[in-house]
Amino acid sequence: MRRRRCCWNTTSLAGGGWSGARGVSPATRPTCILSAQCRFLNSLGTIFSFISKDVVTKLQIMDQLRSGPQQEHYSSLQAMVAYEVGNQLVDLERRSRHPDSGCRTVLRLHRALRWLQLFLEGVRTSPEDTRTSVLCTDSYNASLATYHPWIIRRAVTVAFCALPTRKVFLESMNVGSSEQAVEMLDEALPFIERVYNISQKLYAEHALLDLP
Ligand SMILES: CCCCCCCC/C=C\CCCCCCCC(=O)N[C@@H](COP(=O)(O)O)[C@H](O)/C=C/CCCCCCCCCCCCC
C-alpha cells in the first residue's frame, strides 16, 4: 500500500526543538510544517487566505527571531521562554513594548494547534457524511473562539459553511484515498497532542497562557 508520511513532522518539536523536517534549514522549518495547510486555506477563498496570512505573519516573526542576532536563544521553546522571560522581553499585561515577542507569537500558534487537534480528531472519528463545517465550528468554539472578538468569531463561523465535505477534505490532504488519510491522522494526532501538551505545560509553568 502506498503510504506517504505525514508532512507535519512534529516529532522533534515535542522533544524540545522546533521541527524535524530533514534537509530543511532551521529558519524555514516552521514554514515547512505549515505550508501545506496554508496552500489548502488559500484555495478556499478570501476569509481563509486572511487566516493563512495571519499564520504566515506569525511564522515570519519566528523565522526572524530564529535567524537574528539572538538566534541561540530560539533553538527551542524552552530556551526562548527562559530568554524572553528572564530579560523582560514579554509584555505580560498589555501589548506595548514587545508586541512581537516569540512567547506571544508562539502562544497564538499553540492555541491554533489545539483547534487543529480537535478538528482533525473530529474528522478522524466522524461518520463519512459528517459536515466539516460542523466539526470546524465545534472545534473552533472549544478552542480559539475564546480569544477572538465577536466580529472575527462571526466572520469565521460564516466562512466555515463554505468548507468542503469530509471526503473532499480528506482527499485534499494528498495522502491517497480518504481511508488512507484517516490512517495518516491516526499516526499524526498523537504527535500533535504531544507537542500541544509540552507547550501547554511550559507556558502554564511560566504563567504565560494569557499573554496579551
Ligand atoms: C507551535 C506549533 C505550531 C502550530 C501551528 C498550528 C497550525 C494550525 C493551522 C492552521 C489553522 C488556522 C490557524 C488560525 C490562527 C489563528 C491565530 C490567531 O488567533 N490570531 C488572531 C490573534 O492574533 P494577534 O492579533 O493577537 O496577533 C488574529 O486576530 C487572527 C484572526 C483570524 C483567525 C481565524 C481563526 C480561524 C480558525 C479556524 C481555521 C479554519 C480553517 C479551516 C480549514 C479546514
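First things first, this report covers the structure right here in the doc. Predicted model, so just to flag it, every value in this text is computed and none were measured.

1. Quick word on the packing of helix α5 (residues 102-125) against helix α9 (residues 178-205)
Running from amino to carboxyl end, α5 crosses α9 at an angle of 145 degrees, the nearest separation of the two axes being 9 Å. The two elements α5 and α9 meet at a crossing, and its hand is left-handed. Classifying every residue of the contact of α5 with α9 gives 14 nonpolar, five polar and five charged.

2. Let's talk about the state of the cysteines
As enumerated under the stated definition, the model contains zero disulfides in all. Cys161 provides the cysteine sulfur closest to Cys136, a residue in no disulfide bond, and the two sulfurs are 10 Å apart. Owing to a relative accessible area of 62%, Cys161 belongs among the exposed residues under this scheme.

3. Observations regarding the site of the ligand
With respect to spatial proximity, 25 residues lie near the ligand, and among them Asp54, Lys58, Arg104, Arg108 and His148 are the closest. Asp54 has a polar side-chain atom sitting 2.8 Å from a nitrogen atom of the ligand. Lys58 places a polar side-chain atom, nitrogen or oxygen, 2.9 Å from an oxygen atom of the ligand. Its free accessible area being 1,000 Å², the ligand has 88% of it covered by the protein chains. Among the elements of the structure, α2 (29-42), α3 (46-67), α5 and α7 (150-160) are those that each provide at least two residues to the shell around the ligand. Counting residues per element, the shell around the ligand draws most heavily on α5, which supplies seven residues. Among the residues making up the shell around the ligand, the classes are represented as 19 nonpolar, one polar and five charged.

4. Observations regarding the packing of aromatic side chains
Applying the stated criterion to the full structure yields four aromatic pairs. Each ring, one from Tyr74 and one from Tyr83, has its centre 5.9 Å from the other, and the planes form 80 degrees; the classification is edge-to-face. Accessibility assignment for this pair places Tyr74 and Tyr83 in one class, buried. For the pair Tyr140 and Phe160, a centre-to-centre distance of 5.7 Å together with 75 degrees between the ring planes defines the contact as edge-to-face.

5. Some words on the side chain of Thr130
Within the element layout of this structure, Thr130 appears in the loop between α5 and α6 (132-141). Here Pro127 takes part through its backbone oxygen, which lies 2.6 Å from a polar atom of the side chain of Thr130. Residues in contact with Thr130, not counting those within four places in the same chain, are Leu135 and Arg166.

6. A few points about the environment of Arg124
With respect to the element layout, Arg124 can be found in helix α5. On the basis of relative accessible area, Arg124 is assigned to the partly exposed category, the value being 28%. Between the C-alpha atom of Arg124 and that of Gln60, which follows or precedes it by 64 residues, the distance is 30 Å. In this view, Arg124 contacts Arg166, Val182, Leu185, Asp186 and Leu189; residues no more than four positions away in its chain are not counted. Side chain to side chain, Arg124 and Glu121 meet in a polar contact 2.8 Å long.

Rules used in this analysis
- Per chain, the residues get numbers from 1 upward, laid out in the order the sequence is written.
- Restriction of local features to residues with pLDDT of at least 70 applies here, the model being predicted, together with a cutoff of 80 or more for giving and counting side-chain atom pairs; totals for whole chains, interfaces and linings are based on all residues.
- Side-chain metrics rest on all non-hydrogen atoms present in the structure, leaving aside hydrogens and water.
- Axes here refer to lines fitted to C-alpha atoms; in helices the fit is confined to the stretch in contact. Angles between the N-to-C directions go from 0 to 180 degrees.
- Each helix is a run of DSSP H or I of at least 4 residues and each strand a run of E of at least 2, with the numbering of both proceeding from the N terminus.
- Left-handed is the label given to a crossing in which the near helix is rotated counterclockwise from the far helix by less than a right angle, and right-handed is the label when the rotation is clockwise.
- Throughout, the ten residues Ala, Val, Leu, Ile, Met, Phe, Trp, Tyr, Cys and Pro are labelled nonpolar, Asp, Glu, Lys and Arg are labelled charged, and all others, Gly among them, are labelled polar.
- Only a pair of cysteine sulfur atoms within 2.5 Å counts as a disulfide in this structure description.
- Buried, partly exposed and exposed residues are distinguished by accessible area as a fraction of the type maximum, computed with a 1.4 Å probe on protein chains only: under 20%, between the cut-offs, and over 50%, respectively.
- Note on terminology: near, applied to a residue and a molecule or strand, indicates that one of the residue's heavy atoms is within 4 Å of it.
- Counting of polar contacts relies on pairs of N or O atoms within 3.5 Å, with two restrictions inside protein: one atom must be capable of donating a hydrogen and the other of accepting it, and residues adjacent in sequence are counted only when both atoms are side-chain atoms.
- Methods summary: accessible areas were calculated by the Shrake-Rupley approach with a probe of 1.4 Å, and residue burial reflects only the protein chains presented.
- Note on ring pairs: Phe, Tyr and Trp rings are taken, using the six-membered ring of Trp, and paired if centres are within 6.5 Å. Classes follow the plane angle, with under 30 degrees stacked, over 60 edge-to-face and the rest tilted.
- For this analysis, residues touch if any pair of their heavy atoms sits within 4.5 Å.

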